[in-house]
Amino acid sequence: MGTVGFELTVFGLDHQNPDSARDHLVHVLNDLRKQHTFPPVNIRRGDATSALDYAFISLSSSVAGPRLDLLEDLRLLLNTLPDMRAAWRLCNGPDRTCHVFFTFPSDDEAQSMLNPLREWFRARHMSIMAERSTHPLSTSQTRISFDLFNGDDVDRILREPPFLRGHTLCPGHPRFVVPLYGGEVAIGGIAGLGNVESSLNSHLHQRYGHDIIVGSRVELEDDVYCAILRDWSSTQAFLHDNQNGLPTDWFLYGVSIGKPTLLFSFNTQGAPPNPISCPMPFPTPENVIQPQLDYFRSEFGQFMSTLNTMFDRISQAEQCLEQNNQTLLGMMSAQYLLSDYRMNLLLLTNEQDRLNAQCDRYQDQLAATSDLPTCQHLQAALGSANDRRSVVAAEIEQVRKETQAVRLSLAAHNRLALPISPSPVLSPPAVSASDVLSSSAPPSHASRIRSCSPDDVAESRGMPRPRLQSVSDSRWASPGSGPVTRKGKQRTSDDMVESVLGAYGRHLFAVGFL
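If you're wondering where the values come from, they're calculated on a predicted model, not measured in any experiment.

Looking now at the sheet that holds strand β3 (residues 54-59). Each strand in a sheet pairs with its neighbour through backbone hydrogen bonds, running either in the same direction (parallel) or in the opposite one (antiparallel). Overall, antiparallel pairing links the 4 strands, which are arranged β2-β3-β1-β4 in an open sheet. Since the sheet does not close on itself, it has two edges, and those belong to β2 (41-45) and β4 (85-88), each with one partner. Along the sheet, successive strands turn relative to each other by an average axial angle of 25°, direction set aside. Bridge count for strand β1 (residues 8-11) against β3 is 4 bridges, and the pairing is antiparallel. The partner of phenylalanine 11 across the bridge, within β3, is tyrosine 54.

Take a look at the structure:
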């Protein structure tokens, strides 16, 4: 009976070994017999070597006649169980509903792509139930086939085929029509003939009676007509009467279509289209377009890689520019601080000169007078002036030390960082912002470098906010070359600091603002 498709396929069974599914189904049926009545059945495993999650059920030979109604009742009963599905058997051999395959020109290429395909399935959480390697009879190619657990995974593969080693692998899927009932009839090769279903139904009604057809449909893109007839005897009569093809007067202009056959046999043959309606084989659009798609995908991948590299370099340049901006701000803050030191030093020096002159005047007055009260007053004033002169001298020394510490810090970190090798025209020294802002000066004044910005210094002194200005080439000083003479005179340390700051300001202006 099973040779003509009077069988059920039960999915969702154990699949630890080739016999697990059959043993599981036997256990399930034994439990069902305790509550339901159904005829004796035969259970066969899906494959002798592969561990599959399905098994086949057919009626025992002790049941008289092909009782399709009994198998249909058993199918509906099995479908009430959780995590289990029963359907009419599709075709002879393994089930094809979750079958997908890839074709390669040689065995070596097929074997080299086997592991990448397995990894591709695993990365997308597609579980493989079985795999096999075969050679189609009409070609010298090698076919690798996979049986999956989930039919949705097959649809996903057909929509989004694997792209491995720079090429898209075109998946194949068998042609078939899922049967709705055992003994269903199929007629192929009707594509492009208009409303063939109603025409065939009308001829069947006229010849075999109005109740001959239980249900009909058109599948495989309107290429296959399927019909469930009244009973098995009516199906046999229809197939016997039309074993050489349908009557020619059923169609206009003598159109020839496929011969009627059981849907089980039609699926076993691979649901072939009508040879008369099929043109000579030409390269499919997929085979013509696929190399172009692969080339375009490769070029696009290289373009994206170049674009990402460019974005990375731009990001590095932006980071380095921001770092140089912070560095220059710190250096400008240090320059304003040096100016503040020079102003304080000038004020203290003027006060020291005034105190010196005042002390000299007191001493001259003491030498010229003999009045005791006047002498006492002058001596008190002279002592107070000497005390203040000592304090001013100490403050002058402290300001000079702090100024020297700031200058040493700037001289020790006088290079700006660049993301790439600088050009010969713009090759300034490199400085890191953290290094310029770090100083070994005493904390009373030198620590102001870390918290002082040019805007803060300018606002505190009532000056306009600083702007970057370029300087002439004569202000450049080579690092490590020592003081540079100008107009025959030795440069002071203040001139050297201003030269370095001006050079860096011109470099940052050229890099960041032009």
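With 44 residues, the main nonpolar core has Leu29, Ile57, Leu74, Leu78 and Phe238 as its most contacted residues. With residues up to four places along the chain from it excluded, the contact list for phenylalanine 238 reads Val185, Ile187, Leu204, Tyr208, Leu229, Leu246 and Pro260. Phe102, Ala110, Leu114 and Leu117 belong to the second-largest nonpolar core, a separate cluster that totals 18 residues.

This brings us to the confidence of the model for the protein chain. Confidence in the prediction of the protein chain, expressed as mean pLDDT, is 78, and 74% of residues score 70 or more. Note that pLDDT drops below 50 for residues 277-287; the model gives that stretch 2 contacts with residues more than four away or on any other chain. This stretch, residues 507-514, has a pLDDT under 50; its non-local contacts, to residues over four places away or in other chains, come to 15 contacts.

Our next topic: the pattern of salt bridges. Summed over the entire model, instances satisfying the criterion amount to 17 salt bridges. The salt bridge partner of aspartate 23 is arginine 22, with a shortest N-O separation of 3.9 Å. The class of arginine 22 is partly exposed, set by a relative accessible area of 27%. Between glutamate 131 and arginine 118 there is a salt bridge, and its shortest N-O distance comes to 2.4 Å. Taken together, the positions of glutamate 131 in strand β6 (residues 128-134) and arginine 118 in helix α3 (residues 107-123) put the pair 13 residues apart, joining distant regions of the chain. Overall, glutamate 131 belongs to the partly exposed group, its relative accessible area being 31%. Classification of arginine 118 by relative accessible area gives partly exposed; the value is 28%. What you see here is one network of salt bridges that share partners, running through Asp19, Arg22, Asp23 and Arg45.

Time to look at the environment of serine 409. Topologically, serine 409 is positioned in helix α9 (residues 372-412). When the C-alpha positions of serine 409 and alanine 334 are compared, they lie 9.6 Å apart, and in sequence the two are 75 residues distant.

Covered by surrounding structure in strand β10 (residues 185-188) are Val185 and Ile187 together with Ala186 and Gly188, the residues of both alternating faces. Relative to strand β12 (residues 224-229), β10 is paired through 4 bridges, and the arrangement is antiparallel. Of the residues in β12, the one forming a bridge with glycine 188 is valine 224. As judged from the 2 bridges shared by β10 and strand β13 (residues 261-262), these two strands associate in the antiparallel manner. What sits directly across from valine 185, in β13, is leucine 262.

Our next topic: the pairing of strand β5 (residues 99-104). Among the 6 residues in β5, 5 count as buried, and that is most of the element. As judged from the 6 bridges shared by β5 and strand β7 (residues 142-148), these two strands associate in the antiparallel manner. Within the sheet, the bridge partner assigned to histidine 99 lies in β7 and is aspartate 147.

In this model, α3 (17 residues) spans 25 Å end to end at C-alpha, consistent with the 24 Å of a helix rising 1.5 Å per residue. Along its length, α3 shows its largest kink, about 30°, at leucine 114, and proline proline 116 lies within four residues downstream of that point. Every buried residue of α3 is listed here: Ala110, Met113, Leu114, Pro116, Leu117, Trp120 and Phe121. Buried residues along α3 sit in contact with β5, β6, β7, α4 (151-159) and β8 (163-164).

Time to look at the sheet that holds β13. With antiparallel pairing, 4 strands are arranged side by side in an open sheet as β11-β12-β10-β13. Whereas interior strands pair on both sides, the edge strands pair on one side only; in this sheet they are β11 (213-219) and β13.

For the rest of this paragraph, the subject is the side chain of serine 50. Here serine 50 lies in the loop between β2 and β3. Excluding residues within four positions of it along the chain, serine 50 makes contact with Pro18 and Ala130.

Moving on: the packing of helix α5 (residues 196-208) against helix α6 (residues 232-241). For the pair α5 and α6, the least separation of the axes is 13 Å and the interaxial angle reads 105°. It follows that α5 is roughly perpendicular to α6 by the angle criterion. Contact residues: α5 offers Leu204, Arg207 and Tyr208, while α6 offers Ala237, Phe238 and Asp241. Its residues assigned to classes, the contact of α5 with α6 shows 4 nonpolar, no polar and 2 charged.

Turning next to a nonpolar patch on the surface. Taken together, Phe296, Phe300 and Phe303 make up a surface patch of nonpolar side chains, about 350 Å² in accessible area. Checked against the element boundaries, phenylalanine 300 lands in helix α8 (residues 285-368).

Counted by the stated rule, this structure contains 8 aromatic pairs. For the pair phenylalanine 6 and tryptophan 232, a centre-to-centre distance of 4.9 Å together with 85° between the ring planes defines the contact as edge-to-face. Residue phenylalanine 6 is found in the segment before β1, and its partner tryptophan 232 is found in helix α6; the two are separated by 226 residues along the sequence. Both residues of the pair, phenylalanine 6 and tryptophan 232, count as buried. Among the aromatic residues, those joined into a cluster by ring pairs are Phe102, Trp120, Phe121 and Phe146. The ring of phenylalanine 101 has arginine 143 lying over it, and the distance from NZ or CZ to the ring centre is 4.0 Å. We note arginine 361 situated over the ring of tyrosine 362; from NZ or CZ to the ring centre the distance is 5.8 Å.

Definitions and cut-offs
- Residues numbered from 1 in each chain as written.
- Predicted model: local features only at pLDDT ≥ 70, side-chain atom pairs only at ≥ 80, totals over all residues.
- Heavy atoms only, no water.
- Pairing = 2+ DSSP bridges.
- Helix = DSSP H or I, 4+ residues; strand = E, 2+ residues; numbered from the N terminus.
- Axes fitted to C-alpha atoms, helices over the stretch in contact; angles between N-to-C directions.
- Core = buried A, V, L, I, M, F, W, Y, C linked by side-chain atoms within 4.5 Å.
- Buried < 20%, exposed > 50% of the residue type's maximum accessible area, 1.4 Å probe, protein only.
- Contact = heavy atoms within 4.5 Å.
- pLDDT = per-residue confidence, 0-100.
- Salt bridge = Lys/Arg side-chain N within 4 Å of Asp/Glu carboxyl O.
- Expected span 1.5 Å × (residues − 1).
- Bend = angle between axes of the 7 residues up to and from the residue.
- Parallel < 35°, antiparallel > 145°, perpendicular 65-115°, else oblique.
- Nonpolar A, V, L, I, M, F, W, Y, C, P; charged D, E, K, R; others polar.
- Patch = residues over 30% accessible without salt bridge, like charges linked within 9 Å, V, L, I, M, F, W, Y side chains within 5 Å.
- Areas by Shrake-Rupley, 256 points an atom, 1.4 Å probe, with all protein chains shown as cover.
- Phe/Tyr/Trp six-rings, centres within 6.5 Å; stacked < 30°, edge-to-face > 60°.
- Lys NZ or Arg CZ within 6 Å of the ring centre and 35° of its normal.

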